[in-house]
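# Residue-level structure breakdown
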Amino acid sequence: MVSCSEDFVDVESKDPNSEDYFNTEEDYQNALIAAYDLLQSTYINVMLGEIASDNTLAGGESATDVPGIQEIDDMLHTPVNAQLRDIWSWMFAGVNRANYIMEFKDKTDFPGKEEVIAQTRFLRAYYYFELVKWFGDVPLAIDKRIKFGEQFDIDRTPKTEVYALIEEDLQFASDNLPATQAEIGRITQGAARALLGKVYLFQDKFSEAATVLDQVITGPYDLVADYNSIFEQEGENNIESVFEVQYTDEEGAGFSCLQCSEGNVAVGFNGIRNYSGPLFDSGFSFNVPTQEAFDAFETGDIRREVAILDIDTWVADTGATFVTGFEHTGYYNRKYIARQGDLNTGDANLTNPNNYRAIRFADVLLMAAEAYNRKSPSDDTQAQVYLNRVRTRAQLPNVTVTGSALTDAIYQERRVELVGEGHRFFDLVRTGRAPQEIDGFVNGKHEVFPIPLIEIQLTGNRWEQNPGY
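Residues numbered from 1 in each chain as written. Predicted model: local features only at pLDDT ≥ 70, side-chain atom pairs only at ≥ 80, totals over all residues. Heavy atoms only, no water.

### Regarding the side chain of His446
Turning to its location among the elements, His446 is positioned in the loop between helix H19 (434–437) and helix H20 (453–458). The exposure class assigned to His446 is buried, which follows from its relative accessible area of 1%. A distance of 2.8 Å separates a polar atom in the side chain of His446 from the backbone nitrogen of Val442. (Helix = DSSP H or I, 4+ residues; strand = E, 2+ residues; numbered from the N terminus. Buried < 20%, exposed > 50% of the residue type's maximum accessible area, 1.4 Å probe, protein only. Polar contact = N/O pair within 3.5 Å; in protein donor to acceptor, adjacent residues only side chain to side chain.)

As structure tokens, then:
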């Protein structure tokens, strides 16, 4: 054993990347597709963004079904949590794949290369934004991969510096991407500007957010007239979709490699347990909406039946049957549960082709409304215009209040418009409302999640853990 180990240690490792790759446009395009691929693993970010909030409960089969999810729901998560490590690992895998391209960005020239780099930088910004939202200060790598062995010398970077890179990446993407793309799913100028506006909003840069979000609002997007159609298969990549994570049923995956799935794993996890009946398919009954979330909708709001399935009413109307799971509330996340007729290969619960609508135009309007309301000086008239565009589609009356009452109205509208889409926890944190709204939330601790313990150990305990963990 010792002699074999010594033989391997003495073998010189040769990195072929700079010599044998990035010699053609095809090489860059293939590497870019690989960078896109990690978007599909963000299904877990979306699920937990709801479960950590007051919108949904963990659910599942029992209190021990996927313990990491149950712990996050109860605000009892620790540095030893498989799902948090997945988010850390998968998002940094995305960063590394983007940085692989950036590391060799100057090696070979070809027409349209700046657009390839622009898409790459958007993706790097997207993954880093997820990491900052979840973990705060994180290691920052610019135009180079983090390779094994370097973890002993790399520190966590203050999130202000990470945000600075995110802003630079998104500004470059905004300046170098087209308004529309021939290939569905490719990043556009509007997607870059919308994400930049969101990044500004998370830093309370309200004037900057208002300016860039206005540019999106005057672009090629609009609200879909039929809210019911948005989350169905025929509603994918519609005029309201500013950025959408593409899923297919082309490859199956096992539970030992959920990130390998080309399908939206969250859809199967969210589904109705042991369901038999029309329209829907079975699933694992995770991420179940609370009564409070159901009651948050105003009388006459057409969005509630689209967003939340009242299973008892559905059963009474259709004769369907199902089995209740853990923490059964009587509700399911109707936006992202399996529909009959979806084509699946392998395990149907892991290969659902339902795209994730990552940035919708309604979200852009509500972000812009908040930016105009909270900037100094405020412009509540413009904020009302954007807010009421969303409310009009929901068949609700216009909001006429101003000041802090308008702020609260915008927050409330974000909740009901975007319920089930993974935004609620971070909205509560960034606006300082989480301690009042989330049971078990500890101020000064739960604004971010713990760095996975194994990641700290791999640095030789170089990093300090987030406070409270």
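### Points about the confidence of the model for the chain
When pLDDT is averaged across the chain, the result is 93; 94% of the residues are at 70 or more. For residues 1–14, every residue scores under 50 in pLDDT, and the model assigns this stretch 1 contact once sequence neighbours within four places are set aside. (pLDDT = per-residue confidence, 0-100. Contact = heavy atoms within 4.5 Å.)

### Digging into the side chain of Asn373
Along the chain, Asn373 falls in helix H15 (residues 361–374). Exposure remark for Asn373: the relative accessible area of 7% places this residue in the buried category. Once you skip the residues sitting within four places of it in the chain, Asn373 turns out to touch Ser378, Asp380, Ala383, Gly403, Leu406, Thr407 and Ile410.

### Considering the packing of helix H10 (residues 206–217) against H15
Packing of H10 against H15 brings their axes to within 8 Å, and their N-to-C directions diverge by 145°. Crossing of H10 against H15: the hand is left-handed. Contact residues: Phe206, Ala209, Ala210, Leu213, Asp214, Val216 and Ile217 in H10; Phe361, Val364, Leu365, Met367, Ala368, Glu370, Ala371, Tyr372 and Arg374 in H15. Along the lines of polarity and charge, the residues of the contact of H10 with H15 split into 13 nonpolar, no polar and 3 charged. (Axes fitted to C-alpha atoms, helices over the stretch in contact; angles between N-to-C directions. Left-handed = near helix turned anticlockwise from the far one by under 90°. Nonpolar A, V, L, I, M, F, W, Y, C, P; charged D, E, K, R; others polar.)

### Regarding empty space enclosed by the protein
According to the stated counting rule, one finds 4 cavities of 30 Å³ or more in the structure shown. Quantified by volume, the largest cavity comes out at close to 190 Å³. Lining the largest cavity are 16 residues, with Tyr126, Glu130, Lys133, Tyr356 and His423 sitting closest to its centre. Those elements that place two or more of their residues in the lining of the largest cavity are helix H4 (43–51), helix H7 (113–135), helix H9 (189–202) and strand S8 (356–360). In terms of residue count, H7 provides more of the lining of the largest cavity than any other element does, 4 residues in total. For the lining of the largest cavity, the residue count by class is 8 nonpolar, 4 polar and 4 charged. (1 Å grid on protein atoms, 1.4 Å probe; cavity = no way out; pocket = protein on both sides within 12 Å on 5 of 7 lines; lining within 4 Å. Points joined across faces, edges and corners; volume = space filled by probe spheres on them.)

### Notes on the layout of surface pockets
Approximately 470 Å³ is the volume found for the largest pocket. In terms of lining residues, the largest pocket is bounded by 16 residues, among which Ile33, Tyr36, Gln40, Ile184 and Gln246 are the most central.

### Some remarks on the environment of Leu196
Among the structural elements, Leu196 can be located in helix H9. Accessibility expressed as a relative area gives 1% for Leu196, which makes it buried. Taking the C-alpha atoms as reference points, Leu196 and Leu350, separated by 154 residues in sequence, lie 31 Å from one another. Sequence-distant contacts of Leu196, defined by excluding residues within four places in its chain, comprise Glu167, Leu170, Gln171 and Val212.

### With respect to the state of the cysteines
Counting across every chain of the model gives 1 disulfide. The disulfide bridge from Cys257 ends at Cys260, spanning 1.6 Å between sulfur atoms. On the sign convention where negative is left-handed, the bridge of Cys257 and Cys260, at about 50° about the S-S bond, is right-handed. Relative accessible area serves as the criterion here: at 18%, Cys257 is assigned to the buried category. (Disulfide = S-S within 2.5 Å.)

### Some thoughts on helix H6 (residues 82–103)
For H6, built from 22 residues, the straight-helix expectation of 32 Å at 1.5 Å per residue is met to within 8% by its first-to-last C-alpha distance of 30 Å. Looking at where H6 begins, the residue whose side-chain oxygen comes 3.0 Å from the main-chain nitrogen of Gln83 is Asn81. (Expected span 1.5 Å × (residues − 1).)

### Digging into the packing of aromatic side chains
Tallied over the entire structure, the rule returns 33 aromatic pairs. Relative to Phe135, the ring of Trp88 has its centre 5.2 Å away and its plane inclined at 75°; by these criteria the two rings are edge-to-face. Residue Trp88 is found in helix H6, and its partner Phe135 is found in helix H7; the two are separated by 47 residues along the sequence. Each of the two residues, Trp88 as well as Phe135, counts as buried. The rings of Tyr21, Phe22, Tyr28, Tyr100, Phe104 and Phe110 are connected pair by pair, giving a single aromatic cluster. Across from the ring centre of Phe202, 5.5 Å away, lies the NZ or CZ of Arg430, which sits over that ring. Arg433 extends its terminal NZ or CZ atom over the ring of Tyr411, reaching a point 4.0 Å from the ring centre. (Phe/Tyr/Trp six-rings, centres within 6.5 Å; stacked < 30°, edge-to-face > 60°. Lys NZ or Arg CZ within 6 Å of the ring centre and 35° of its normal.)

### Here we look at the nonpolar core
Grouped together as the largest cluster of nonpolar side chains are 125 residues, with contacts concentrated most on Phe122, Tyr128, Ile166, Phe243 and Val364. The element best represented in this core is H7, accounting for 14 residues. Beyond its immediate stretch of four places on either side in the chain, Phe243 contacts Leu39, Phe122, Tyr126, Gly185, Ile187, Ala191, Tyr356, Arg357, Ala358 and Ile359. Membership of the second largest hydrophobic core comes to 10 residues, among which are Ile272, Phe280, Leu309 and Trp314. (Core = buried A, V, L, I, M, F, W, Y, C linked by side-chain atoms within 4.5 Å.)

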